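# Descriptive analysis of the structure
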Amino acid sequence: MTYAITQTCCNDATCVAVCPVNCIHPTPEERAFGSTEMLHIDPRACIDCGACADACPVDAIFPVDSLTGGQQEYAEINAAYYADAEPPAAEVEGPNFHVWGEPVFERSLPSDFGPLRVAVVGTGPAGMYAAQDLLLHTAAEVTLIDRLPVAGGLVRYGVAPDHPATKKVGDTFSRFHSHPRVRMHLGIEVGRDVTAEELSAHHDAVVYAVGASTDKRLGVPGEERPGCLSATAFVAWYNAHPEAVAQGLDLSAERVVVVGNGNVALDVARILVADPEALAATDIAAHALDALRASRVREVVVLGRRGPEDAAYTRSELLALKHLSGVELVVDDHDPRTAAAIDAAGPGDRAGDLRGLARVRTDASAATASGDSARRIVLRFHSEAVEILGDGDGDGDGGVRSVRVTDGGGDGTADLSAGLLLRAIGYRGLPVAGLPFDEAKGTVPHEGGRIAGMPGSYVVGWIKRGPSGGIGANRTCAAETVGTLLADAVAGRLPAPAGDAKAFRRLVRQRNRRVVDARGLAAIDRAERERGRATGRPRVKLATVEELVATARSRRLLRPVR
């Protein structure tokens with residue numbers, strides 16, 4: 001028996017580090033690492049030890065003979081990755097099953113290397129991988145800062161609620177929240193409560209992990225209409241982000257159009273047509289669950305500007321849609337190039353994953369699904385939105401009535417009736433007060449994570465490299481940044497701080513009386529879990545800043561909600 005890596009693979013390569021026979025690839029040292037959608041276990045070399053499954057932070061690794069339903073496909077996916085590779089060669093002498101390269105030690109700290117005081121701004125995966133690296137491999141003291149009064153970042157507010165295994169990586173990070181060398185200041189925003197200069201004045205180094213919190217625009221007429229919003233806002237809405245609008249999202253129309261065909265586009269499409277009672281077993285926002293229960297949405301049309309061979313979603317996310325209970329997944333064949341690409345696709349080609357799906361022509365005037373209660377997702381390639389049309393007298397204030405899209409591979413267009421349009425065409429970073437910013441790229445200029453022209457200041461994650469890569473990609477990214485930081489420390493290039501940790505704590509308390517610390521964060525966690533137990537859910541999130549701060553201050557549980 002062998003093990004297989006499945007859909008929720010996070011690519012952080014923890015499994016690679018514990019495998020005794022080097023049968024998981026690509027490794028961080030290999031060129032393909034970071035460009036493949038997931039890691040793969042070689043069934044010819046796996047010795048069934050289970051070390052990788054024990055180490056996996058997102059529960060993505062299982063014995064092949066335990067896979068059921070749609071998960072069974074991942075046994076073939078893992079094996080196919082090695083189909084054209086030479087079988088692993090055994091060592092001529094010794095007990096190893098694989099030839100190992102020479103050990104590499106990229107960091108070398110002097111024996112008298114003293115503890116650093118490092119601030120990490122942002123508590124999502126990028127920031128926490130950086131904090132973890134510092135805490136595990138040095139004697140550093142880490143100050144965790146976040147503009148929201150709760151930690152988690154992308155794990156809490158970006159991962160879809162029906163992907164609970166992916167959220168488990170948060171458990172790995174949360175153990176550092178109460179680490180004895182960690183000080184936590186949540187609800188503090190750089191530029192509002194403290195300046196970048198003040199952060200640097202109280203720490204040896206500052207690592208900014210602020211992500212890419214806004215979205216890209218379509219740039220088409222009608223984009224400002226009510227009912228045309230970003231997938232970023234929609235994801236925030238169903239994940240109970242405190243800055244999201246809790247009520248007011250109109251799901252009364254039968255069709256929604258999603259522009260973009262990456263994983264976020266598939267996420268929002270899946271949530272819109274998923275069984276609300278299945279979502280009721282997740283940590284989806286209470287207001288979103290109520291709205292989805294009352295929703296009349298029966299069809300989501302996902303627009304891809306290019307063909308199926310160039311789709312941006314990962315294979316694992318597409319396969320998940322194929323097995324979504326009560327939901328049809330179909331391909332719109334309005335453009336002959338789509339069918340041609342699917343039919344011509346070879347083994348392993350992206351377009352080939354669509355082979356076997358029904359091909360339809362979308363009815364522009366109404367949503368279509370088989371059966372009164374059926375719902376469906378339509379993948380429409382070679383099509384883009386060119387205008388959002390609405391109700392009213394043409395002044396642009398009316399809600400969305402239809403979306404004009406390119407049709408048929410020529411210059412023709414079609415107006416798809418829809419009551420909501422979600423744009424999912426990419427994220428973009430925002431400037432941080434006091435830091436340089438590249439407007440074209442939406443990132444902070446850097447060299448190996450070192451911010452240009454700011455000794456002692458660093459970046460990690462999407463604000464460093466742009467919105468690319470999933471959760472696990474931040475581990476490698478953080479390793480580079482922390483390595484640069486430590487090299488600067490050894491070389492004496494870090495400016496000496498003028499203030500200490502106590503002085504910084506006094507400063508933030510003076511500027512913001514509602515700061516949440518580690519004890520407050522633990523109180524929030526207990527309250528949300530208690531609310532969840534009362535309703536048979538893993539947790540019911542507190543959805544406003546006021547609730548979060550009040551719960552953190554109370555140090556006691558809220559009464560369960562019904």
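Described in the following lines is the structure provided in the data block. Because the structure is predicted, anything quoted here is derived from the model rather than measured. (Residues numbered from 1 in each chain as written. Predicted model: local features only at pLDDT ≥ 70, side-chain atom pairs only at ≥ 80, totals over all residues. Heavy atoms only, no water.)

## With respect to the state of the cysteines
In this structure the tally under the stated criterion is zero disulfides. Looking at Cys9, it has no disulfide partner, and the nearest cysteine sulfur is the one in Cys10, 6.0 Å off. By relative accessible area, which is 16% here, Cys9 ends up buried. (Disulfide = S-S within 2.5 Å. Buried < 20%, exposed > 50% of the residue type's maximum accessible area, 1.4 Å probe, protein only.)

## Considerations on the pairing of strand β5 (residues 117-121)
With five of five residues buried, β5 lies mostly within the body of the structure. Where burial is concerned, the two faces of β5 agree: the one with Arg117, Ala119 and Val121 and the one with Val118 and Val120 are both buried. As paired elements, β5 and strand β6 (residues 141-146) share five bridges and run parallel to each other. The partner of Val121 across the bridge, within β6, is Ile145. Traced from β5 through helix α4 (residues 125-137) to β6, the parallel crossover comes out right-handed. With four bridges connecting them, β5 and strand β8 (residues 205-208) associate as parallel partners. The partner of Val121 across the bridge, within β8, is Tyr208. (Helix = DSSP H or I, 4+ residues; strand = E, 2+ residues; numbered from the N terminus. Pairing = 2+ DSSP bridges. Right-handed = clockwise from strand over helix to strand, strands pointing away.)

## Some words on the nonpolar core
The biggest cluster of nonpolar side chains holds 70 residues, and the ones touching the most others in it are Ile24, Leu39, Ile41 and Ile61. Aside from chain neighbours lying at most four places away, what touches Ile41 is Thr2, Tyr3, Ala4, Ile5, Cys23, Ile24, Cys46, Cys52, Ile61, Asn78 and Tyr82. Of all hydrophobic cores here, the second largest spans 46 residues; its members include Val268, Val327, Ile342 and Leu379. (Core = buried A, V, L, I, M, F, W, Y, C linked by side-chain atoms within 4.5 Å. Contact = heavy atoms within 4.5 Å.)

## A word on the sheet that holds strand β14 (residues 358-360)
Ordered by their spatial adjacency, seven strands build an open sheet running β10-β19-β11-β12-β15-β13-β14, and the pairing between neighbours is parallel. Bordering the open sheet on either side are β10 (228-230) and β14, each of which pairs with just one other strand. Taking the axes of each pair of neighbouring strands and ignoring which way they run, one obtains an average angle of 25° across the sheet. Pairing of strand β11 (residues 255-259) with strand β12 (residues 299-303) involves five bridges; the strand directions are parallel. Residue pairing in the sheet places Val257 in a bridge with Val301 of β12. (Axes fitted to C-alpha atoms, helices over the stretch in contact; angles between N-to-C directions.)

## Re the environment of Met184
Along the chain, Met184 falls in strand β7 (residues 182-186). If near-sequence neighbours (up to four positions away) are discounted, Met184 is found in contact with Leu144, His177, Val516, Asp517, Ala518 and Leu521.

## Some points on unusual backbone geometry
In this structure, the amide linkage connecting His25 to the following residue, Pro26, adopts the cis form with an omega of -5°. In this structure, Pro26 sits in the loop between β2 (24-25) and β3 (40-41). Of note, Ala13 is a non-glycine position whose phi angle comes to about 70°, a positive value. Here Ala13 shows up in the loop between β1 (3-5) and α1 (14-18). Ala13 gets classed as buried once you look at its relative accessible area, which sits at 5%. Unlike most non-glycine residues, His382 shows phi in positive territory, near 50°.

## Quick notes on the packing of aromatic side chains
One pass over the full model with this rule turns up five aromatic pairs. Aromatic pair Tyr427 and Trp462: ring centres 5.4 Å apart, planes at 45°, arrangement tilted. Here the residue Tyr427 occupies a position in strand β20 (residues 427-428), and Trp462 occupies one in helix α15 (residues 462-465), the gap between them amounting to 35 residues. Across the pair, exposure class does not vary: Tyr427 and Trp462 are buried alike. An aromatic cluster is built from Phe234, Trp237 and Tyr238, whose rings are joined through pairwise contacts. (Phe/Tyr/Trp six-rings, centres within 6.5 Å; stacked < 30°, edge-to-face > 60°.)

## Describing the environment of Ser325
Tracing the backbone through its elements, the reader meets Ser325 in the loop between α13 (315-322) and β13 (327-332). Judged by its relative accessible area of 65%, Ser325 is exposed.

## Brief notes about the pattern of salt bridges
Under the definition given, this model contains 39 salt bridges. One salt bridge in this structure joins Arg376 and Glu299, with 2.6 Å as the shortest N-O distance. One end of the pair, Arg376, is in strand β15 (residues 375-380); the other, Glu299, is in strand β12, with 77 residues separating them in the sequence. Taken individually, Arg376 and Glu299 each receive the classification buried, so the pair is uniform in this respect. For Glu439, the salt bridge is made with Arg428, and the minimal N-O distance between the two is 3.1 Å. With Glu439 in the loop between β20 and β21 (446-447) and Arg428 in strand β20, the pair connects residues that are 11 residues apart, well separated along the chain. The exposure class of Glu439 is exposed, given its relative accessible area of 52%. Taking the relative accessible area as the measure of exposure, Arg428 reaches 23% and is therefore partly exposed. (Salt bridge = Lys/Arg side-chain N within 4 Å of Asp/Glu carboxyl O.)

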